[in-house]
Amino acid sequence: VIAAPEVLSAMAELEATINARDASLASHGPSILAGAGYSHNREPESLGSENHIVYQQWHERFGLGIPILGAWARQKADILQSESRLFTAQQRLSATKNSSLASLRSAYVIRWQEIQRRKLLKKYLENTDVISNLLLKRVAASNILPSDYKVFLATVAEAKSKFFVSFAIGVRSRNVLR
């Protein structure tokens, strides 16, 4: 069931949703800001001068970002939306697994049913020659009507047709099981 393509797709969607929710949670709340840099500049003292003035500067920045009012509400709404998407993805995965399992069970039942049907039809068709000869003797003796014999032949043809249809249905259910 877990290896079914639709289940794998739902699992991948759930994984992406979990990652999005985790990213939303990580970006919520106060944040510490830090940065460092270095700048270097070398320029001539005047036009045509060979002497240069060198400027060097190190700079650092530190800060604390606190979401207030609208920013806090947006972050909270983002978290709620990501939790909602996560719940939806979990429900979709569960429904997909259940659907896949139901399809698998149905395929097993159909396969077993068609095997049993073919066994019965095979037993019925094994004795048709003997019964046909017996019915022909009874038609000749006027014990049954010729139309009854034709009905028997029609049921034999129908049984043969159902045998091959059953075989095709069994093949389709076997393909679902793979």
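Above this note sits the structure.
Structural notes, computed from the coordinates. Bear in mind that the values here come from a model prediction, so they are computed numbers and not experimental data. (Residues numbered from 1 in each chain as written. Predicted model: local features only at pLDDT ≥ 70, side-chain atom pairs only at ≥ 80, totals over all residues. Heavy atoms only, no water.)

## Quick word on the overall build of the chain
Keep this limit in mind: Secondary structure counts use DSSP, requiring at least four H or I residues in a row for a helix and at least two E residues in a row for a strand, with both numbered from the N terminus. Here the radius of gyration uses the C-alpha set of atoms, whereas the globule reference equals 2.2 Å times the residue count to the power 0.38. The buried label goes to any residue with under 20% of its type's maximum accessible area, the exposed label to any with over 50%, and the partly exposed label to all in between, with areas taken from a 1.4 Å probe on protein chains only. Residues count as neighbours in contact if any of their non-hydrogen atoms are within 4.5 Å of one another. The Shrake-Rupley method, run with a 1.4 Å probe, gives the accessible areas here. Residue values count only the displayed protein chains as cover. Positive: Lys, Arg. Negative: Asp, Glu. His and the chain ends are not part of the count. Positions of charges follow a simple convention, taking NZ of Lys, CZ of Arg, CG of Asp or CD of Glu.
What the chain contains, in helices and strands, is four helices and two strands. Against the globule reference of 16 Å for 178 residues, the chain gives a C-alpha radius of gyration of 40 Å, more extended than a compact globule. C-alpha extents for the chain along the principal axes are approximately 135 × 45 × 20 Å. Put simply, the chain has 178 residues, and 19% of those count as buried. The long-range fraction of contacts in the chain, counting pairs at least 24 apart against all pairs at least 6 apart in sequence, stands at 67%. Entry remark: accessible area of the chain is about 13400 Å², with carbon and sulfur atoms responsible for 59%. Taken as two groups, the 23 positive and 15 negative side-chain charges of the chain have centres that lie 21 Å from each other.

## Here we look at helix α3 (residues 128–140)
We apply this condition: Expected helix span is computed as 1.5 Å times (number of residues minus one).
A rise of 1.5 Å per residue sets the reference length of α3, with its 13 residues, at 18 Å; its end C-alpha atoms lie 18 Å apart and thus fit the reference within 8%. Looking at the buried side of α3, the elements it contacts are α2 (70–126) and α4 (146–177). Phi turns positive, to about 65°, at Ser142, one or two residues after α3.

## A look at the packing of aromatic side chains
We apply this condition: Ring pairs shown here join Phe, Tyr and Trp side chains whose ring centres sit within 6.5 Å, with only the six-membered ring taken for Trp; geometry is labelled stacked below 30 degrees between planes, edge-to-face above 60, and tilted in between.
Scanning all chains against the criterion turns up two aromatic pairs. Measuring from ring centre to ring centre gives 4.6 Å for Tyr38 and Trp58, while their planes differ by 45°; the resulting arrangement is tilted. Placement of Tyr38 in strand β1 (residues 31–44) and of Trp58 in strand β2 (residues 52–65) is noted, with a sequence separation of 20 residues between them. Residue classification places Tyr38 among the partly exposed positions, given a relative accessible area of 40%. Judged by centre distance (5.6 Å) and plane angle (85°), the ring pair of Phe163 and Phe164 falls under edge-to-face. Residue classification places Phe163 among the partly exposed residues on the basis of a relative accessible area of 22%.

## Points about the environment of Gly63
Inspection of the secondary structure puts Gly63 in strand β2. Since its relative accessible area comes to 28%, Gly63 is described here as partly exposed. Distance in space between the C-alpha atoms of Gly63 and Asn41 is 27 Å, their sequence separation being 22 residues. Excluding anything up to four places from it in sequence, Gly63 contacts Ser31, Ile32 and Leu33.

## A few points about the pattern of salt bridges
Two side chains with opposite charge may pair up if their charged atoms get near one another. Our working definition: Salt bridges are defined by distance alone: a side-chain nitrogen of Lys or Arg within 4 Å of a carboxyl oxygen of Asp or Glu.
Scanning the entire structure with this criterion turns up five salt bridges. Residue Lys162 is joined to Glu158 by a salt bridge in which the shortest nitrogen-to-oxygen separation is 3.4 Å. Taken together, the residues Lys162 and Glu158, both in helix α4 and four residues apart, mark about one turn of the helix. The exposure class of Lys162 is partly exposed, given its relative accessible area of 43%. A relative accessible area of 44% places Glu158 in the partly exposed class. A network of salt bridges, in which partner residues are shared, links Arg21, Asp22 and Glu83.

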